[in-house]
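Survey of secondary and tertiary structure
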Amino acid sequence: AQSVTQLGSHVSVSEGALVLLRCNYSSSVPPYLFWYVQYPNQGLQLLLKYTSAATLVKGINGFEAEFKKSETSFHLTKPSAHMSDAAEYFCAVEGSGGYNKLIFGAGTRLAVHP
Amino acid sequence: SAVISQKPSRDICQRGTSLTIQCQVDSQVTMMFWYRQQPGQSLTLIATANQGSEATYESGFVIDKFPISRPNLTFSTLTVSNMSPEDSSIYLCSVGTGGASYEQYFGPGTRLTVT
């Protein structure tokens, strides 16, 4: 069965520093992978997705993620953090069975300091 | 993309009562889902809302507790029945756009507090 592990429930960076949020997946088939962001008291917004095309995926707000099959990873990065990036980030994998449901990781809360 | 609205945005309910949450999409979609996000937790899929047939529930969720309707391709409801404080959560509706460029979009959520 598919599953997602996000390493680090809380990550804290300084403004302008590199953001790295880790996600490892388990899947018996080539996965579809997603990163979502949730700002306080809001729904989820799709940041980017991997659907077996290019392994380096660029998303909105300057974020990107690289799919590494050998490491079963899909880490999210941003070269320079902004205060407005403070939010909860969720990695998700499409579940098996062909029904397109998503299985979410536990989430990582990103804090950005001045 | 799809624009999704949910009603109500939040509610405070007494235990033992039921609440029906509505989800409206601005276009016809095949896939609609209902998720629960408990306080400080990640999202857990409750069920897939199937148009014209019974919803498909995930392990740990039953129809008697979370009845779902899907009368057409743009609308669905989730009812939280016989509520207890443990049902206090954010309930989110989502829709999936199929094909090779699969994406799933989420509504703003309904914040439910059960007292």
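Further up the page is the structure itself.
Source: prediction; values computed, not measured.

**Comments concerning the pairing of strand 3 (residues 19-26) of chain A**
Moving residue by residue along a regular strand, the side chains alternate between the two faces of the sheet. All names here are of chain A. Every second residue of strand 3 is oriented toward a common face, the buried set being V19, L21, C23 and Y25 and the non-buried set L20, R22, N24 and S26. Strand direction decides the pairing type here: strand 1 (residues 3-7) and strand 3, joined by five bridges, are antiparallel. Bridge pairing links S3 to S26 in strand 3. With four bridges joining them, strand 3 and strand 8 (residues 73-78) adopt antiparallel strand pairing. The partner of L20 across the bridge, within strand 8, is T77.

**Digging into the state of the cysteines**
Tallied over the full model, the rule gives two disulfides over all chains. Paired through a disulfide, C23 of chain A and C91 of chain A show a sulfur-sulfur distance of 2.0 Å. One disulfide, between C23 of chain A and C91 of chain A, carries an S-S torsion of -60 degrees and so falls in the left-handed class. Within this pair, whereas C23 of chain A is found in strand 3, its partner C91 of chain A is found in strand 9 (residues 87-94), the two being separated by 68 residues in sequence. Using a relative accessible area of 0% as the deciding quantity, one classes C91 of chain A as buried. Between the sulfur of C23 of chain B and that of C93 of chain B lies a disulfide, 1.9 Å long from S to S.

**Focus on the sheet that holds strand 3 of chain A**
All names here are of chain A. The antiparallel open sheet is built from five strands, whose spatial order is 1-3-8-7-6. Each end of this open sheet is capped by a strand with a single partner; those strands are strand 1 and strand 6 (56-58). Averaged over all pairs of adjacent strands, the angle between strand axes in this sheet comes to 20 degrees, irrespective of strand direction. Of the strand pairs in this sheet, strand 7 (residues 64-68) and strand 8 are connected by five bridges, and their pairing is antiparallel.

**Here's the deal with the interface of chain A and chain B**
Each partner contributes residues to the interface: chain A has 20 residues there, and chain B has 19 residues. When chain A packs against chain B, close to 1600 Å² is buried across both sides, 54% of that on carbon and sulfur atoms. The interface formed by chain A and chain B contains two salt bridges. Close ionic contact of E103 of chain B with K49 of chain A constitutes a salt bridge, the shortest N to O distance being 2.9 Å. Along the contact surface separating chain A from chain B lie seven residue pairs in polar contact (both at pLDDT 80 or more). Mapped by element, the contributors of at least two residues to the side of chain A that touches chain B are strand 4 (33-38), strand 5 (44-50) and strand 10 (102-104) of chain A. A per-class count over the side of chain A that touches chain B returns 10 nonpolar, eight polar and two charged.

**Overview of the pairing of strand 5 (residues 43-49) of chain B**
Residue and element names in this part refer to chain B. Counted residue by residue, strand 5 has six buried out of seven residues, so it is predominantly covered. In the sheet, strand 4 (residues 31-37) pairs with strand 5 via six bridges, with the strands oriented antiparallel. Bridge assignment links Q37 to a residue of strand 5, and that residue is L43. Connecting strand 4 to the antiparallel partner strand 5 that follows it, the hairpin turn spans five residues, and G40 within it adopts a positive phi of roughly 70 degrees. One ladder, built from two bridges, connects strand 5 with strand 6 (residues 56-57); its direction is antiparallel. Opposite T48, over in strand 6, you have T56 as the bridge partner. Between strand 5 and the antiparallel strand that follows it, strand 6, lie six residues; G52 among them carries a positive phi value of about 80 degrees.

**Considerations on the sheet that holds strand 8 (residues 75-80) of chain B**
Residues and elements named next belong to chain B. Taken together, the four strands give an open sheet; going across it, the order is 1-3-8-7, and neighbouring strands pair in antiparallel fashion. With one partner strand each, in any of the chains shown, strand 1 (4-7) and strand 7 (68-72) form the two edges of the open sheet. Mean inter-strand twist for the sheet, computed between neighbouring axes without regard to direction, equals 15 degrees. As judged from the three bridges shared by strand 7 and strand 8, these two strands associate in the antiparallel manner. In the strand pairing of strand 8, S69 is matched with T77.

The rules we used
- Within each chain, residues carry numbers counting from 1 in the order of the written sequence.
- Written order decides the labels, with chains lettered from A and ligands numbered from 1.
- With pLDDT at 70 or above as the cut-off, local features in this predicted model cover only qualifying residues; side-chain atom pairs require 80 or more to be listed or tallied, and sums for whole chains, interfaces and linings still use all residues.
- Computation of side-chain values: all heavy atoms of the structure, hydrogens and water removed.
- Each residue is assigned to one of three classes by its accessible area relative to the maximum for its type, calculated with a 1.4 Å probe on protein chains only: buried under 20%, partly exposed between the two thresholds, exposed over 50%.
- Numbering of helices and strands runs from the N terminus; a helix is a DSSP stretch of H or I covering at least four residues, while a strand is a stretch of E covering at least two.
- The criterion for strand pairing is that DSSP finds at least two bridges linking the strands in question.
- Two cysteine sulfur atoms make up a disulfide if the distance between them is within 2.5 Å.
- With axes taken as lines fitted to C-alpha atoms, and helix axes fitted only over the stretch in contact, angles between N-to-C directions fall between 0 and 180 degrees.
- Note on contacts: a residue pair is in contact if any heavy atoms of the two residues lie within 4.5 Å.
- Once two parts are put together, the accessible area they lose, assessed with a 1.4 Å probe and summed over both, is termed the buried area.
- Think of a salt bridge as a Lys or Arg side-chain nitrogen and an Asp or Glu carboxyl oxygen that are within 4 Å of each other.
- Throughout this description, a polar contact denotes any pair of N or O atoms lying within 3.5 Å of each other; where both atoms belong to protein, one of them has to be capable of donating a hydrogen while the other can accept it, and for residues adjacent in sequence the pair is counted only when both atoms sit in side chains.
- Residue type decides the class: Asp, Glu, Lys and Arg count as charged, Ala, Val, Leu, Ile, Met, Phe, Trp, Tyr, Cys and Pro as nonpolar, and the leftover types, Gly among them, as polar.

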